[in-house]
Amino acid sequence: MNKRGVFIILSVLIIFAAGGLFIPKSLAQTEKEYRQGEMFSIGDKNYLAASNGAFVEILEITSANKLIKISEIYGLESVNDLFAWQENAKTFLAVLTGQYLVKYNISDPLFPRLEVKRDLYQWRGKGKYKIGYMKSLAGSGSYLFTGGNGGVRTFSKDTLTVLDNKIYTLEPSYGLVAKGNILAIIIKDKGFYEKGLIFNIASGSLSGEYSLSNKENVQRQPDIDSAGNVYFPSDNSLMKIGINYKIASEYYNPVKPGLNYSYSARVLGDKVLYANGFGLTKLGENLIKDKFFFSAPTNLYGPNSWAAGIAIGQDGRAAVLNKSSILLLNKELNLLDQYIYEPLADEPEETDLRIVLGKYWAAAGESLNIKIFGFWPNETVTVSLGSSEQAVKVNNYGAASITIAAPAEKGVALISANGQDSKLNYQTSFIIK
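What counts and how
- Residues numbered from 1 in each chain as written.
- Predicted model: local features only at pLDDT ≥ 70, side-chain atom pairs only at ≥ 80, totals over all residues.
- Heavy atoms only, no water.
- Phe/Tyr/Trp six-rings, centres within 6.5 Å; stacked < 30°, edge-to-face > 60°.
- Helix = DSSP H or I, 4+ residues; strand = E, 2+ residues; numbered from the N terminus.
- Buried < 20%, exposed > 50% of the residue type's maximum accessible area, 1.4 Å probe, protein only.
- Pairing = 2+ DSSP bridges.
- Axes fitted to C-alpha atoms, helices over the stretch in contact; angles between N-to-C directions.
- Salt bridge = Lys/Arg side-chain N within 4 Å of Asp/Glu carboxyl O.
- 1 Å grid on protein atoms, 1.4 Å probe; cavity = no way out; pocket = protein on both sides within 12 Å on 5 of 7 lines; lining within 4 Å.
- Points joined across faces, edges and corners; volume = space filled by probe spheres on them.
- Nonpolar A, V, L, I, M, F, W, Y, C, P; charged D, E, K, R; others polar.

**Q** Would you mind showing me how to read the packing of aromatic side chains here?
**A** The description of an aromatic ring pair uses the distance of the two centres, along with the angle that the planes make with each other. With the rule as written, the count across this model stands at 18 aromatic pairs. For the pair Tyr74 and Tyr397, a centre-to-centre distance of 4.6 Å together with 45° between the ring planes defines the contact as tilted. Taken together, the positions of Tyr74 in the loop between strand S4 (67-73) and strand S5 (81-87) and Tyr397 in the loop between strand S32 (388-393) and strand S33 (400-405) put the pair 323 residues apart, joining distant regions of the chain. Residue Tyr397 is classed as buried on the basis of its relative accessible area of 12%.

Written out as structure tokens, the structure reads:
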């Protein structure tokens, strides 16, 4: 081989070794996975809060049936599940990260505000125990419920206080839903046997117990209709439990035996929507198949298309969380729109708590640019430089930039940033000449 050929081969190897340096940034940013979402309405506007695994996106569902992103919620190490509710003319969103349960006020969806954050790994109580890693989230009345490795735990919706008098099971949980006085849970009993459990929330008593199958420990979403019937997804099937706590009917996916495709059930009026990987099945009375929307073809809806979750709205529209995208459908399961991840900003702000200064020193009276990061979204932060003080509202990323005049006192001054809601504080020193 001549020298020119060797040079070309070495050049190609160097390019591949450089890896991400030659991958277009826009492609790297679009690798998101959508599995959970919650629809909610404020006035005459409809919205979808969706998890892409890393953080939460809030999309407006327009009257023209378009999905338009309006804001993002950062500062989370991951997102396992979401739950939205309304009370006292306010709209709230609970986000479960695994270690943390976080409550946001999203009454203004453009500017979500973090209200309470609960560390589920924090040692607490006389016995000094921790709740542990949580995967699933639900709510009813004044309660929020989380399910995960440590069973199912109950929290106050208002303060996220842990309610130790309402522990329904300590077995690992892989999905739950609550409505009215009914709590339905999918567990692995004694670490081996998959079961669906139905509890009376008020009394804590077990109303029904059913054998399911969840061989791969998939996080699944059961649901409850307005009459009190419960729908449990199982490996490749959906089971309906009647109000008498007996099995009323069952639907089986028309696939080869041994294939386990079953993720989520959502009740929409008198129909049940069932996400089973390949797409969305609409089921009628006695779980008789009414229609099927095929969402899995990668040539139509993008790579890794796989129906894993459902969000439903009061107006009858539904969103399929199709892993690599979100599909908006009408009542007849006709496609209205598709959303594929796009960043709101070219360069998302940092989320670590810190202060970044425009310069290392300043003369008395000189203007100094100060950037702050890592605070709670949209809270007010007080920034002080020596005797000078200024309040600023951070953005959805918990970041802001302000300009403060250096005080007359020469020497080493303290720069401090204090979050009004979060009580987070960051300090650094600065020289005034």
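**Q** I would appreciate a short explanation of the sheet that holds S33 in the present structure.
**A** The strands making up a sheet associate through hydrogen bonds between their backbones, and the pairing can be parallel or antiparallel. Taken in spatial order, the three strands line up as S28-S30-S33 in an open sheet, and their pairing is antiparallel. In this open sheet, the two strands that pair with only one neighbour each are strand S28 (354-357) and S33. Going across the sheet, the axis of each strand differs from the next one's by a mean of 30°, ignoring polarity. Pairing of strand S30 (residues 367-373) with S33 involves six bridges; the strand directions are antiparallel. From the neighbouring strand, Asn369 faces S33, where its bridge partner is Thr403.

**Q** Would you mind showing me how to read the sheet that holds strand S12 (residues 173-179) here?
**A** Spatial strand order, S12-S13-S14-S15: four strands in an open sheet with antiparallel pairing. In the strand order of this sheet, the two ends are held by S12 and strand S15 (206-211), each with one partner. Across the sheet, the mean angle from the axis of one strand to that of its neighbour is 15°, orientation sign disregarded. Bridging between strand S14 (residues 193-200) and S15 involves five bridges; their strand directions are antiparallel. Looking at S15, one finds that Gly196 is bridged to Tyr210.

**Q** Is there a simple way to explain the pattern of salt bridges in this structure?
**A** It is possible for side chains of opposite charge to pair when their charged atoms get near one another. This structure, assessed with the given rule, holds 14 salt bridges. Between Glu33 and Arg35 there is a salt bridge, with its nearest N and O atoms 2.7 Å apart. A salt bridge links Lys359 to Glu366; the nearest nitrogen and oxygen atoms lie 2.4 Å apart. Residue class for Lys359 comes out partly exposed when judged on its relative accessible area of 29%. Of the residues examined, Glu366 reaches a relative accessible area of 26% and is grouped as partly exposed. Salt bridges linked by common partners bring Asp189, Lys190, Lys195 and Glu209 together as one network.

**Q** Looking at this structure, I do not really get the layout of surface pockets. What am I missing?
**A** The gaps of empty space that remain are located by a probe, the size of a water molecule, rolled over the atoms. Taken as a whole, the largest pocket spans an internal volume of roughly 1,200 Å³. When residues of the lining of the largest pocket are traced back to their parent elements, those giving at least two are strand S1 (36-42), strand S2 (45-51), S5, strand S9 (134-140), S12, strand S16 (223-224), strand S20 (264-268) and strand S24 (309-312). Along the lines of polarity and charge, the residues of the lining of the largest pocket split into 20 nonpolar, 18 polar and 10 charged.

**Q** Help me understand the pairing of S2, please; the structure alone is not making it clear to me.
**A** Regular strands have side chains that alternate between both faces of the sheet. Extensive coverage of S2 is indicated by the burial of six of its seven residues. When S1 meets S2, the two strands line up antiparallel, connected through seven bridges. Pairing of Gly37 across the sheet is with Ala50, part of S2. Count of turn residues in the S1/S2 antiparallel hairpin: two residues, of which Gly43 carries a positive phi of about 65°. Sheet analysis places S2 next to strand S3 (residues 56-61), joined by six bridges and oriented antiparallel. Bridge pairing in S3 places Ala49 opposite Ile58. Joining the antiparallel neighbours S2 and S3 is a turn of four residues, in which Gly53 adopts a positive phi near 95°.

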